[in-house]
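Report on the structure
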Amino acid sequence: GFTVRLLTAGPDGILCTFDDVIEAVDMTDANGLYLFECVDPGEYAIEFLSEDVPADFTFSKPNQGGDDALDSDADTFSGKTGAFTVVEGQDDDLSIDAGIHLICDNLTEGGTIRLEQDICAGETPNPLTNWTSPTGGNGEIEYLWMFSEATPIFDPNTWTPIPDSNSPEYAPGPINVTTYFIRCARRSGCVDYQAESNVVIITVLNCINTPNFLMISAENNTSNSAEINVHWMVSPENDLFNYFIERSFDGTHFVEIGQINGKGNINGYNEYDFMDKAPKLGKNYYRVKQVGLNDDPVFSDVVEAIYRDNAAISNDIFVYPNPAGEVLNIESIEPISENATVQLFNNVGQVVAQYQVAKDAPFRPMSLSNLSSGQYFLRIVYNSGDKESTIIRVIKK
């Protein structure tokens, strides 16, 4: 144990000087505890005998940490506390103590860290890494990372320590404001983190508060399925978004066909799927409108998907609806490569409707309003005669 002395002032009348008077002596027990009982009122100091401190150890700095019940009170050189007063009838004062630690052979250089970077609010930056390691002193290196959202000028009294950050590298979580980081270091046995690295800044930019569309695609599930799946991916979402799926038959005029609520994941990419169960034969166009709480809508790119029905397609020519009502729509996957004639025949081979279509021009809808219900055949005849005619069976309702 430690020898503990209760002192009063000597002939010079000043405590904690060379002529202090020893009033009582105690030894700390196995738990480091001691107690002087029945002490008369007066002014005293406690001395923890420095000769009892093990080799390679020294007294801890007094009054570090702000909790008097835990902080050491002994002077690092003499082992004596400051003067205190005992009054009549007071309770035991168990806060007067001393701490020791290994003699510190501390670092002289804190090393350097990186990686400065720019991010949008709510994004997770890349980890901050060790560029050069701390040097000087002896013993295991211990680390403490600190941060500030207010100033790049390091001050250990105003910057915030990061708990459980004893590592040469540090991976911050999502950051919403520009933040400064520094890595402090010390050798094992040292009290002070006296070696600091450079300051690294994570700059939060004034990004538009909408994630970016990274990808959008649409495709028919199977060749025989009247469904088209629309798939899209966005970057981390920093707002509460809704996604409105829009479809167009001509690539220009869009109508809303569905809605999906955003996932709100700010730490990674977000992927979504929507199944269009009512596409038309031929080309369908899709885009996604993204709407946040406070921002204007943002639209994805337009993508194209083709729904193929083997009963209503020939040589990449589609007709719809089929069975048809008053109007039959005709569509080609690609513009036709030469002039052609569109003809509609009845069951006995009579031409009941026809029109001309020029090279690279779109097909026009064909009116069926004057025709009776029944079976017809649509034929597209290419004027050069070098390309095989297209024939599609059509039902008029």
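Structure shown above.
Notes on the structure follow. (Residues numbered from 1 in each chain as written. Predicted model: local features only at pLDDT ≥ 70, side-chain atom pairs only at ≥ 80, totals over all residues. Heavy atoms only, no water.)

1. Things to note about the packing of aromatic side chains
With the rule as written, the count across this model stands at 10 aromatic pairs. For the ring pair Tyr-34 and Phe-36, a centre distance of 5.8 Å and an interplane angle of 65° mean the geometry is edge-to-face. Of the two residues, Tyr-34 and Phe-36, both sit in the buried class. Ring centres of Tyr-170 and Phe-181 lie 6.0 Å apart, and the angle between their planes is 45°; this geometry places the pair in the tilted category. Of this pair, Tyr-170 sits in the loop between β11 (160–161) and β12 (179–187) while Phe-181 sits in strand β12, and the two are 11 residues apart along the sequence. Cluster of aromatic residues (ring-pair linked, three or more members): Trp-145, Phe-147, Tyr-170 and Phe-181. Above the face of the Tyr-272 ring, Lys-263 is positioned so that its terminal group lies 5.1 Å from the ring centre. One residue, Lys-289, lies across the ring of Phe-244, its end atom 5.4 Å from the ring centre. (Phe/Tyr/Trp six-rings, centres within 6.5 Å; stacked < 30°, edge-to-face > 60°. Buried < 20%, exposed > 50% of the residue type's maximum accessible area, 1.4 Å probe, protein only. Helix = DSSP H or I, 4+ residues; strand = E, 2+ residues; numbered from the N terminus. Lys NZ or Arg CZ within 6 Å of the ring centre and 35° of its normal.)

2. A closer look at the nonpolar core
Ala-218, Val-230, Trp-232, Tyr-243, Tyr-286 and Val-288 are the most contacted members of the largest nonpolar core, which has 23 residues in total. Setting aside its immediate chain neighbours within four residues, Trp-232 contacts Phe-213, Met-215, Ile-216, Tyr-243, Ile-245, Ile-260, Asn-270, Glu-271, Tyr-272, Asp-273, Phe-274 and Val-288. Of all hydrophobic cores here, the second largest spans 22 residues; its members include Val-319, Val-342, Tyr-355 and Leu-368. (Core = buried A, V, L, I, M, F, W, Y, C linked by side-chain atoms within 4.5 Å. Contact = heavy atoms within 4.5 Å.)

3. Regarding the pairing of strand β20 (residues 282–291)
Burial of β20 is extensive: 8 of the 10 residues sit out of reach of the surface. In terms of strand pairing, strand β17 (residues 242–248) meets β20 through 7 bridges, oriented antiparallel. By the bridge assignment, Glu-246 is partnered in β20 with Arg-287. Pairing geometry for β20 and strand β22 (residues 303–307), over 5 bridges, is antiparallel. For Tyr-286, the partnering residue across the bridge sits in β22 and is Val-303. Strand direction decides the pairing type here: β20 and strand β21 (residues 298–299), joined by 2 bridges, are antiparallel. Bridge pairing in β21 places Gln-290 opposite Val-298. (Pairing = 2+ DSSP bridges.)

4. Re the sheet that holds strand β16 (residues 228–234)
Pairing is antiparallel across the open sheet formed by 3 strands, whose spatial order is β15-β16-β19. Either end of the sheet is taken by a strand with one partner, and the two such strands are β15 (213–220) and β19 (270–276). Geometrically, the sheet is characterised by an average inter-axis angle of 15° between neighbouring strands, direction not taken into account. For β15 and β16, the ladder comprises 7 bridges, and the chain directions are antiparallel. (Axes fitted to C-alpha atoms, helices over the stretch in contact; angles between N-to-C directions.)

5. A closer look at the sheet that holds strand β1 (residues 3–8)
Ordered in space as β2-β1-β3-β5, the 4 strands form an open sheet in which the pairing is antiparallel. Taken across any chain shown, the strands that pair with only one partner, and hence form the sheet edges, are β2 (21–27) and β5 (84–86). Sheet twist, expressed as the average angle between the axes of neighbouring strands with direction ignored, equals 35°. Pairing of β1 with β2, which is carried by 6 bridges, proceeds in the antiparallel orientation. Counted as the bridge partner of Val-4 is Asp-26 from β2.

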